[in-house]
Each structure stands twice: as structure tokens, then as C-alpha cells.
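# Observations on the model geometry
One letter stands for each residue in the lines below.
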Amino acid sequence: MPAPRTVLLTGAAGGLGTLMRGLLPAYGYELRLFDATPIEDAPGSIAADLADKEALREAVRGVDAIIHLAGISLEASFDKILRANIEGTYNLYEAARAEGVRRTVFASSNHAVGFTPRPQGDDPLIPVTTPHRPDTFYGLSKSFGEDLAQFYWDKYGMETVSVRIGSCFAEPSSVRMLSIWLSPDDCARLLHAALTADEVGHSVVYGSSANTRLWWDLTTARALGYDPRDDSEPYAEKLIAEQGELDPRNPAHACLGGAFTTDPPRWPH
Ligand code: NAI
Ligand code: 15L
């Protein structure tokens, strides 16, 4: 497919959306911004909810591709997750189908497979084919999103790259994040690869930098042309001095999803 130029960015007001608004234009994209939260400094951005089907139809009309970041990004009640992440993602795909948008990059999450035990010692890296093991209603909605993407590929030939993002923030802030950190620059590289790779069908990839302590296999991400440049290791000494090494006997340290597997809705990561 020809390289996309005009890209709808949902969730553009959020943490990741704000970072990507700063970084993706350098790759030549014209971003159309969509979020329930108005973006004051971006004239022309669309302030609408994923429940608004008319607004979605208009938002996707004429774009070459979509990056879908909008949604609840932490654990919440099932009703809230259902509306924003499950129905909202369905509404977006239906709008894309109606308007003939061929490719979407879906912000999935490590929490779709959060109950997968993390590798220890010489254990192999976790492949993308590991079964879904969501750790929260939030993670369940990401498992659903990946299945929805597979369905729209098989049924309608609409392509998606589902990116199981680890932790994408300016810097890693926990020992767990040393293994799953995705630097903002690498995130932009990965999104660019996902938008421009040939014939992705529905591909699932992990979204991380080239971390020394990586837990999962980046082969499918690299197959898209992703070439990560960053590594969390320079942050390791300070974080381990402050927090200690992960303890395999601590259930909150045992699985990919970390404390999402053990804790109530609000917690430090
Ligand atoms: P965020 O919570 O900062 O941003 C999410 C944005 O979506 C917000 O601006 C919010 O207003 C918007 N939104 C929520 N519900 C909406 C609705 N019903 N209609 C329209 N807009 C709605 O989250 P963040 O960190 O920017 O994450 C972006 C995406 O990436 C999310 O889907 C999240 O699940 C996923 N992700 C992020 C990770 C990270 O490390 N930042 C890790 C794994 C996945
Ligand atoms: C996620 O899916 C969240 O959206 C993000 O805020 C982080 O908590 C990240 O996972 C994580 O696992 O650190």
C-alpha cells in the first residue's frame, strides 16, 4: 500500500498522544487529532467521544490510516471499560470500514497478557503467540481489541498492527519498567514502521525499546522494519538502589502485568 500521509490520531490529548503529536510530524505525517478532551492549542482538532458515531465517520473520512490510542488506559469499572474501550473501538472500526480506511495501528497493552509469568534466568523471551491472559477489565478490553482487529482483517481485509505497549513514558520509573520500557522516540519509530510496512494483515507486536532486561520477543516488531535505538539500562542502577531487585516470591513481581495482577484499581506502577 502507498505510504500513508494523513493519519487520524485518537487519544491525541493523552500522555502518549501528546508525545506522538510532537514526534510523528517529523516522519512526514499530517495528523488529524481526535479526543474527548479538547486540545486547546490545536485548531481543527476534533473534540468528540468514541460513542459519537457521526463524529467518528467524519473523523476517519479521507485519512490514509488511523493510530488508535483513545480509551481508558488503566483499570476501571467494567461499564466504563465497556463503553470507551470495547464499544468505542468497535465504533471506530465500523467508521473505518464505512469510509474505506485500510490500516489501523491499535494501542494494545502488555495487560492483554498480564498474567503470563515473566521470564527469569535463562527462560526464553515471551512470544506474541502466547495466549491472552488479561489481568484486569482493562487488559480484557485490549484482548478484545486484538480479536476485533483479527476479525476485521479476516472478514473485511482491513489491516491492523496491534502494539502491546509496555510502558511508554519519558523515562522508566520502576524496576519492572526496565524490562518493558518503550522510549517515546522508539514509540514513534515503531508507529512509523507499523504505518508503512507492506501487507501486515493483522500483526501483533510488543512495543518496547531494545532493553537489556527485555522480557518479550521483538521479532514481529522488527519484521515491520522497527529498529529500536534506546535501552532502559542507564536508569537501572538508580531505580534498583531505590526500589530493590524484583522479588520472584512477590506476586506483584511474578507476571508481565506487575501490580495490575494483584492490586485494586489505583496503584503505583
Ligand atoms: P491517557 O489516559 O493519557 O490518554 C488516553 C486518552 O484517551 C485521553 O486523552 C482521553 O481523553 C481519551 N479518551 C478516553 N476515553 C475516550 C472516549 N470514550 N472517547 C474519546 N477519547 C477518549 O493514556 P496514554 O498513556 O496516552 O495511552 C494511550 C493508549 O495507549 C491507551 O489506549 C492505552 O491503553 C495504551 N497504552 C499505553 C501505555 C503507556 O505506557 N502509556 C502502555 C500500554 C498501552
Ligand atoms: C498500560 O497499559 C497503561 O496504559 C500504562 O499507563 C502503564 O501502566 C503500562 O500499561 C504499564 O504496564 O506500565
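Residues numbered from 1 in each chain as written. Chains lettered and ligands numbered in written order. Predicted model: local features only at pLDDT ≥ 70, side-chain atom pairs only at ≥ 80, totals over all residues. Heavy atoms only, no water.

## Let's talk about the overall build of the protein chain
The line we're drawing: Secondary structure elements follow DSSP: runs of H or I of four or more residues count as helices, runs of E of two or more count as strands, with numbering from the N terminus. Atoms counted for the radius of gyration: C-alpha only. Globule rule: 2.2 Å times residue count to the power 0.38. Classification of residues uses two cut-offs on accessible area relative to the type maximum, computed with a 1.4 Å probe and protein chains only: under 20% is buried, over 50% is exposed, and between them is partly exposed. In this charge count, Lys and Arg are treated as positive and Asp and Glu as negative; neither His nor the chain ends contribute. Charge positions are represented by NZ for Lys, CZ for Arg, CG for Asp and CD for Glu.
Check the secondary structure of the protein chain and you find eight helices and seven strands. In terms of overall size, the protein chain behaves like a compact globule, its C-alpha atoms giving a radius of gyration of 18 Å where 269 residues would be expected to give roughly 18 Å. Its C-alpha atoms give the protein chain principal-axis dimensions of roughly 50 × 40 × 40 Å. Expressed as a percentage of the 269 residues in the protein chain, the buried residues total 52%. The positive charge centre, built from 24 side chains, and the negative charge centre, built from 36, are 3 Å apart in the protein chain.

## Examining helix 2 (residues 53-60)
Each α-helix winds once per 3.6 residues, and so residues spaced three or four apart point in a common direction. Put simply, the rule is: The directions from the helix axis to the C-beta atoms are what the arc is built from. Residue contacts are counted whenever heavy atoms from the two residues lie within 4.5 Å of one another.
Along helix 2, the positions that sit buried rather than exposed are Ala55, Leu56, Ala59 and Val60. Each buried residue of helix 2 lies within a common arc of 120 degrees when the element is viewed along its axis, so the set occupies one face. Among the exposed residues of helix 2, those pointing more than 90 degrees away from its buried face are Lys53, Glu54 and Glu58. Considering only its buried residues, helix 2 is in contact with strand 1 (6-10), strand 2 (30-35), strand 3 (46-47), strand 4 (65-68) and helix 3 (78-99).

## Observations concerning the packing of aromatic side chains
We count it as follows: To pair, rings of Phe, Tyr and Trp, with the six-membered ring standing in for Trp, must have centres within 6.5 Å; the planes then decide the type, stacked if under 30 degrees apart, edge-to-face if over 60, and tilted in the middle.
Enumeration according to the criterion identifies eight aromatic pairs in this entry. Residues Phe78 and Phe137 carry aromatic rings whose centres are separated by 5.4 Å and whose planes lie at 65 degrees to one another, so their mutual orientation is edge-to-face. Of this pair, Phe78 sits in helix 3 while Phe137 sits in helix 4 (residues 137-156), and the two are 59 residues apart along the sequence. Its relative accessible area of 38% is what places Phe137 among the partly exposed residues.

## Describing the site of ligand 1
Put simply, the rule reads: Proximity is defined per residue: any heavy atom of the residue falling within 4 Å of a molecule or strand makes that residue near it. Any N or O atom pair separated by 3.5 Å or less is treated as a polar contact, with the protein-specific requirement of one donor-capable and one acceptor-capable atom, and with residues adjacent in sequence counted only for side-chain atom pairs. We get accessible surface area from the Shrake-Rupley algorithm with a probe of 1.4 Å; when it comes to residues, only the shown protein chains can shield them. Side-chain classes follow a simple rule in which Ala, Val, Leu, Ile, Met, Phe, Trp, Tyr, Cys and Pro form the nonpolar group, Asp, Glu, Lys and Arg form the charged group, and the remainder, Gly included, forms the polar group.
Close contacts around ligand 1 come from 26 residues, with Leu16, Asp35, Ser73, Tyr138 and Cys168 the closest. Here Leu16 contributes a backbone N or O atom positioned 2.7 Å from an oxygen atom of ligand 1. Burial of ligand 1 by the protein chains amounts to 85% of its free accessible area of 820 Å². Only helix 1 (15-23), strand 5 (103-109) and helix 4 provide two or more residues apiece to the shell around ligand 1. For the shell around ligand 1, a count of residues per class yields 13 nonpolar, 10 polar and three charged.

## Here we look at the confidence of the model for the protein chain
How we decide: Each residue gets a pLDDT score, which is the predictor's confidence in that residue and runs from 0 to 100.
Residue-level pLDDT values for the protein chain average 96, and 97% of them are 70 or greater. Taken as a whole, residues 265-269 scores under 50 in pLDDT and shows 10 contacts with residues more than four places along the chain or in a different chain.

## Quick look at helix 6 (residues 184-196)
Selection rule: Each helix should span, by expectation, one fewer than its residue count multiplied by 1.5 Å.
With 13 residues, helix 6 should cover 18 Å at 1.5 Å per step; its first-to-last C-alpha distance of 18 Å lies within 8% of that length. Restricting attention to buried positions, one finds in helix 6 the residues Pro184, Asp186, Cys187, Ala188, Leu190, Leu191, Ala193, Ala194 and Leu195.

## Here we look at the site of ligand 2
Among the 12 residues in the neighbourhood of ligand 2, the closest are listed as Ser73, His111, Tyr138, Ser167 and Arg176. At a separation of 2.6 Å, an oxygen atom of ligand 2 approaches a polar backbone atom of Ser73. Protein contacts shield 88% of the accessible area of ligand 2, which totals 320 Å² for the unbound molecule. A breakdown of the residues in the shell around ligand 2 according to their chemical character gives four nonpolar, seven polar and one charged.

## Quick word on a negative patch on the surface
Worth spelling out the cut-off: Here the term patch refers to residues with relative accessible area over 30% and no salt bridge, with like charges joined within 9 Å and nonpolar side chains (Val, Leu, Ile, Met, Phe, Trp, Tyr) within 5 Å. Here, a salt bridge means any Lys or Arg side-chain nitrogen found within 4 Å of an Asp or Glu carboxyl oxygen.
On the surface, a cluster of negative charge is contributed by Asp49, Asp52, Glu54 and Glu58. Mapped onto the elements, Asp49 comes out in the loop between strand 3 and helix 2. Since its relative accessible area comes to 42%, Asp49 is described here as partly exposed.

## Thoughts on the pattern of salt bridges
Pairs may arise between side chains of opposite charge once their charged atoms sit close together. Per the counting criterion, the structure on display carries 13 salt bridges. A salt bridge links Glu146 to Arg164, with the shortest nitrogen-to-oxygen separation between them at 2.9 Å. Within this pair, whereas Glu146 is found in helix 4, its partner Arg164 is found in strand 6 (residues 159-165), the two being separated by 18 residues in sequence. Its relative accessible area of 3% is what places Glu146 among the buried residues. As a salt-bridge pair, Arg249 and Asp247 come within 3.1 Å of each other at their nearest N and O atoms. Each of Arg57, Arg61 and Glu99 takes part in one network of salt bridges that share partners.

## Quick notes on the nonpolar core
Operational definition: Residues belong to one nonpolar core when they are buried, are Ala, Val, Leu, Ile, Met, Phe, Trp, Tyr or Cys, and are joined through side-chain atoms within 4.5 Å.
In terms of nonpolar packing, the biggest core is built from 33 residues, with Ile67 and Leu224 touching the most fellow members. Where this core is concerned, the elements lending two or more residues are strand 1, helix 1, strand 4, strand 5, strand 6 and helix 6. With seven residues, helix 6 is the single largest residue contributor to this core. Among residues more than four places away in sequence, those in contact with Ile67 are Val7, Leu8, Leu9, Thr10, Leu24, Val105, Leu191 and Leu195. Of all hydrophobic cores here, the second largest spans 21 residues; its members include Ala55, Val63, Tyr93 and Ala149.

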